[in-house]
Amino acid sequence: MITVSNVSLSFGGQLLFKDVDLKFTNGNCYGIIGANGAGKSTFLKILCGEIEPTTGEVVISKEDRLSVLRQDHFAFDEYTVLETVIMGNKRLYEIMKEKDELYAKEDFTEEDGDRAGQLESEFAELNGWEAESDASKLIQGLGLSEDILYSQMSTLSGNEKVKVLLAQALFGNPDIIMLDEPTNHLDIDAISWLEDFLADYFGTVLVVSHDRHFLNNVCTHIVDIDYTKIKMYVGNYEFWYESSQLMQRMIKNQNKKAEEKIKELQEFINRFSANKSKSKQATARRKLLDKLTVEEMPASSRKYPFIGFNMDRELGKDVLKVNVKLLNNVSFTLSRTDKVAFIGESEQAITMLFKILAEEEEPDEGSIKWGVSTSRSYFPIDNSAYFNDNDESIVDWIRKYSTSEVTDTYLRGFLGKMLFSGDEIYKPVKVLSGGEKVRCMFSRMMLFGSNVIMLDRPTNHLDLESITAVNNGLRDFKGVVIFASHDHEIVQTVANRIIEITPDGCIDRQGTYEEFLDWRRERGMKSFIE
């Protein structure tokens, strides 16, 4: 258990949060959310003791072992994979090294024998005899071969190191696990395995993640960092988001009677508590929701950008015909009801396809043909050409793309929907953060009135609120969507067709993302990075 009492933190004169009083208990998984810069990773560092709070204290029982996902991919290059994983249990690793040193001595004394006996006893208590087997299970669960255990970390690829460091954080059944963005660079099967591992975990788990699908599957609670306050709520991310939206609507609806509001809220709670999953986390979450009162419902005042696309004209029958060579031949035809997600191991090939579709690049072989009724907007993965060395203010930058109104009043209102308010609209675009630039790019696209929108990994640099807004906008759009994304939830809820680009050509299937993944698993096909 972790007890947080009266914690506050000021950083460079800025107050990140204050008066934080929370308890994190066994058998629960806590998803820590908040806007970019709110202090999610900083709060984790306070909890694990890396940073001292300005006021207050964090108390962890001395008997509890804490494990943290390490982010430095080069810190263990001089060790083998097996050693790196076992280092997840620091005391066990120390015992193993001391034992090896003792038994390697030529002049082994009686005193050394006594010490060796003590170490062997503690080694057995810490399940040292099963250490290699346990490390192997974790490594294989995350999709790596058992043969890799004796390889040097320095010989591994970046994605392999990510999996080894995750295995290190999970090794030896720690009482408390802290994971900062654990699904980054993991393939689909590894994420699924991690979800199963955490869903049935006995200890306390704290997670920072932008992956809503992952948060929904593993979390029993959401810890929301919002406006210098940190509050804890029962339920997963979907429950937190939808109940926050519902509460905001009710606050605005002053005419509805209190009894009607309570009834609607109770029905909402009942719907979420009726989760059919049999995992321990889902069962625990259901029990907590059953006890939830209306007064404990999330009521976040956090603002979301508005992302919505309107078509200036309807699409005709013919939308797009493609027959080009990338890794191999890629051939497909789009109709006016298609929302297509492109997936595959080679992100470079997918980005090149988008550049060809946007007519920024010519294919080496083959051709593309757009229908005469199409009008297109493109969101590139690299937007630097739009902003680098550009002294224009946000409002002047966006004015160039407005096809109708160009007055400051109209553009101010438009930018306000994207959370640019007050004098912010006069900020030079070249100094904007990654997330602000992405919001500008969406503003630009929304002004075009296109009936086909193309997006190459649009949620990079975005916080959960903006990702959710993108998801809603793409889901509700009536035209054609062509996109690539690492966000599982967006692909699942937006796409009605999946095209996987492979070295042997493309796999093209109608249906949802989950249906596509099931189809692949049934055929024993190799997993890919989401």
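What comes next concerns the included structure. (Residues numbered from 1 in each chain as written. Predicted model: local features only at pLDDT ≥ 70, side-chain atom pairs only at ≥ 80, totals over all residues. Heavy atoms only, no water.)

Scanning all chains against the criterion turns up 20 aromatic pairs. For the ring pair F17 and F43, a centre distance of 5.7 Å and an interplane angle of 80° mean the geometry is edge-to-face. One end of the pair, F17, is in strand β2 (residues 14-24); the other, F43, is in helix α1 (residues 40-47), with 26 residues separating them in the sequence. Residue classification places F17 among the buried positions, given a relative accessible area of 0%. Ring geometry for F342 against F354: centres 6.1 Å apart, planes inclined by 80°, an arrangement best described as edge-to-face. Here the residue F342 occupies a position in strand β12 (residues 339-343), and F354 occupies one in helix α12 (residues 347-357), the gap between them amounting to twelve residues. An identical accessibility class is assigned to F342 and F354; each is buried. Among the aromatic side chains, those forming a connected cluster through ring pairs are W193, F197, Y201 and F202. In this arrangement the basic side chain of K99 is found over the ring face of F123, its NZ or CZ atom lying 3.6 Å from the centre. Its guanidinium or amino end placed over the ring of W129, K99 lies 5.1 Å from that ring's centre, counting from NZ or CZ. (Phe/Tyr/Trp six-rings, centres within 6.5 Å; stacked < 30°, edge-to-face > 60°. Helix = DSSP H or I, 4+ residues; strand = E, 2+ residues; numbered from the N terminus. Buried < 20%, exposed > 50% of the residue type's maximum accessible area, 1.4 Å probe, protein only. Lys NZ or Arg CZ within 6 Å of the ring centre and 35° of its normal.)

Now for the sheet that holds strand β11 (residues 329-334). Strand order in the open sheet formed by three strands is β11-β10-β13, and the pairing between neighbours is antiparallel. Sheet topology places β11 and β13 (366-370) at the edges, where each strand pairs with a single neighbour. Strand-to-strand twist of the sheet, defined as the mean angle between neighbouring strand axes without regard to direction, takes the value 10°. As paired elements, strand β10 (residues 320-325) and β13 share five bridges and run antiparallel to each other. (Pairing = 2+ DSSP bridges. Axes fitted to C-alpha atoms, helices over the stretch in contact; angles between N-to-C directions.)

The next point concerns helix α7 (residues 188-199). The first and last C-alpha atoms of α7 sit 16 Å apart over twelve residues, in line with the 16 Å expected at 1.5 Å per residue. Those residues of α7 that sit buried are I188, A190, I191, L194, E195, L198 and A199. Angularly, the buried residues of α7 cover 165° about the axis, an arc narrow enough to put them on a single face. Where α7 begins, the capping side chain belongs to D187, and its oxygen is found 3.3 Å from the backbone nitrogen of D189. (Expected span 1.5 Å × (residues − 1). Arc of directions from axis to C-beta. Polar contact = N/O pair within 3.5 Å; in protein donor to acceptor, adjacent residues only side chain to side chain.)

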